[in-house]
Amino acid sequence: MIRTQVVLRVNGRDHEVWVRNDRTLLDVLHDDLGMPDVRYGCAEGVCGTCTVLMDDDPVSACAVYAVQAEGHEIVTLRGWSDPQEEAHPLQKCFLERGASQCGFCTPGMLLTAATLAERNPDASREEIRHELVGNLCRCTGYQAIVDAVEDYLHLSTPPSPEKEDAQ
Ligand code: FES
Ligand code: FES
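If you look the protein chain up in an unreviewed UniProt entry, it shows as (2Fe-2S)-binding protein from Mycobacterium hippophais.

In structure tokens, the structure reads:
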């Protein structure tokens, strides 16, 4: 199998690696670059466990060849929220709602939900559910996750004057 030298920009750092052309971005991030926050689930583009941001879009790293990721800005959970720093407010909402149990799906959930919050800060519960449809969770039953994302949206979006008047 042909190997190619690529430079992957991950969490603000360039990594020069030789990769077989059939290796996915998930293979290289997790196995070669030792990033445990990018996780193997189905490895078939179905579960969302391996979600990373590629140029600010959530993508399944198992569905992208590593060679395709060259020239793009990749952000993993640890790049989005440094574990040495205070938890991100969205992570705090997850903790408060018990939206993370075994935690296996949580990196992907957080990155997808954070993108939703940036792009659609007024998202309804229905829209939150729709956005998270590609991120599967075996533990929580989803209710707590949707609650947590909703809490975070309310934190980031002050109520409109009309809504305040109506209260
Ligand atoms: S491991 Fe990538 S979508 Fe399931
Ligand atoms: S918290 Fe266990 S899979 Fe989601």
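A. Representation of the overall build of the protein chain in the model. Across its full length, the protein chain holds 7 helices and 5 strands. In the protein chain, the succession of helices and strands from N to C terminus is β-β-α-β-β-β-α-α-α-α-α-α. Relative to the 2.2 N^0.38 estimate, which gives 15 Å for 167 residues, the radius of gyration of the protein chain is 17 Å and therefore close to what a compact globule would have. Over its C-alpha atoms, taken along the principal directions, the protein chain stretches across nearly 65 × 30 × 30 Å. Scored against the burial criterion, the 167 residues of the protein chain give a buried share of 42%. Long-range pairs, those at least 24 residues apart, make up 53% of the contacts in the protein chain between residues at least 6 apart in sequence. For the protein chain, the accessible area works out to roughly 9300 Å², and carbon and sulfur atoms hold 48% of it.

B. Region of interest: helix 4 (residues 106-119). With 14 residues, helix 4 should cover 20 Å at 1.5 Å per step; its first-to-last C-alpha distance of 20 Å lies within 8% of that length. Among the 14 residues of helix 4, 12 are classified as buried, and the element is accordingly described as predominantly covered. For helix 4, the complete set of buried residues consists of Thr106, Pro107, Gly108, Met109, Leu110, Leu111, Thr112, Ala113, Ala114, Thr115, Leu116 and Ala117.

C. Main features of the sheet that holds strand 2 (residues 13-20). Strand order across the open sheet formed by 5 strands is 2-1-5-3-4, with mixed pairing between neighbours. On the outer flanks of this sheet lie strand 2 and strand 4 (57-60), each paired with one strand and no other. In this sheet, adjacent strand axes meet at a mean angle of 40° when their direction is disregarded. Note: strand 1 (residues 3-10) against strand 2, 8 bridges, orientation antiparallel. Residue pairing for strand 2: glutamine 5 is matched across the bridge by tryptophan 18. Strand contacts of helix 1 (residues 25-32): strand 1, strand 2, strand 3 (51-54) and strand 5 (73-75), with the helix running at about 75° to strand 1, the strand carrying the most contacts. The strands touched by helix 4 are strand 3, strand 4 and strand 5; relative to strand 3, the strand with the most contacts, the crossing angle is about 40°.

D. Structural view of the domain arrangement of the protein chain. Considered domain by domain, the protein chain is made up of domain 1 (3-80) and domain 2 (89-156). Computed from C-alpha atoms alone, the centre-to-centre distance between domain 1 and domain 2 is 22 Å. At the junction of the two partners, domain 1 supplies 18 residues and domain 2 supplies 15 residues. Buried surface at the junction of domain 1 and domain 2, summed over both partners, amounts to about 1300 Å²; 63% is from carbon and sulfur atoms. Applying the counting criterion to the domain 1 and domain 2 interface returns 1 salt bridge. Of the charged contacts in the structure, one is a salt bridge between arginine 119 and aspartate 57, with a shortest N-O distance of 2.7 Å. Viewed at the interface, domain 2 and domain 1 are joined by 8 residue pairs in polar contact (both at pLDDT 80 or more). Of all the secondary structure elements, the ones that give two or more residues to the side of domain 1 that touches domain 2 are strand 3, strand 4 and helix 2 (77-80).

E. Here's a closer look at the nonpolar core. Counting 26 residues, the largest nonpolar core has Leu90, Phe94, Ile128, Ile145 and Val149 as its most contacted members. Among the secondary structure elements, those contributing two or more residues to this core are helix 2, helix 3 (89-97), helix 4 and helix 6 (143-156). Each of domain 1 (3-80) and domain 2 (89-156) accounts for three or more of the residues forming this core. Apart from residues lying up to four places away in sequence, valine 149 is in contact with Leu90, Phe94, Ala113, Leu116, Ile128 and Leu132.

Rules and cut-offs
Residues numbered from 1 in each chain as written. Chains lettered and ligands numbered in written order. Predicted model: local features only at pLDDT ≥ 70, side-chain atom pairs only at ≥ 80, totals over all residues. Heavy atoms only, no water. Helix = DSSP H or I, 4+ residues; strand = E, 2+ residues; numbered from the N terminus. Rg over C-alpha atoms; globule rule 2.2 N^0.38 Å. Buried < 20%, exposed > 50% of the residue type's maximum accessible area, 1.4 Å probe, protein only. Contact = heavy atoms within 4.5 Å. Areas by Shrake-Rupley, 256 points an atom, 1.4 Å probe, with all protein chains shown as cover. Expected span 1.5 Å × (residues − 1). Pairing = 2+ DSSP bridges. Axes fitted to C-alpha atoms, helices over the stretch in contact; angles between N-to-C directions. Domains from an automatic or database assignment. Buried area = accessible area lost by both parts, 1.4 Å probe. Salt bridge = Lys/Arg side-chain N within 4 Å of Asp/Glu carboxyl O. Polar contact = N/O pair within 3.5 Å; in protein donor to acceptor, adjacent residues only side chain to side chain. Core = buried A, V, L, I, M, F, W, Y, C linked by side-chain atoms within 4.5 Å.

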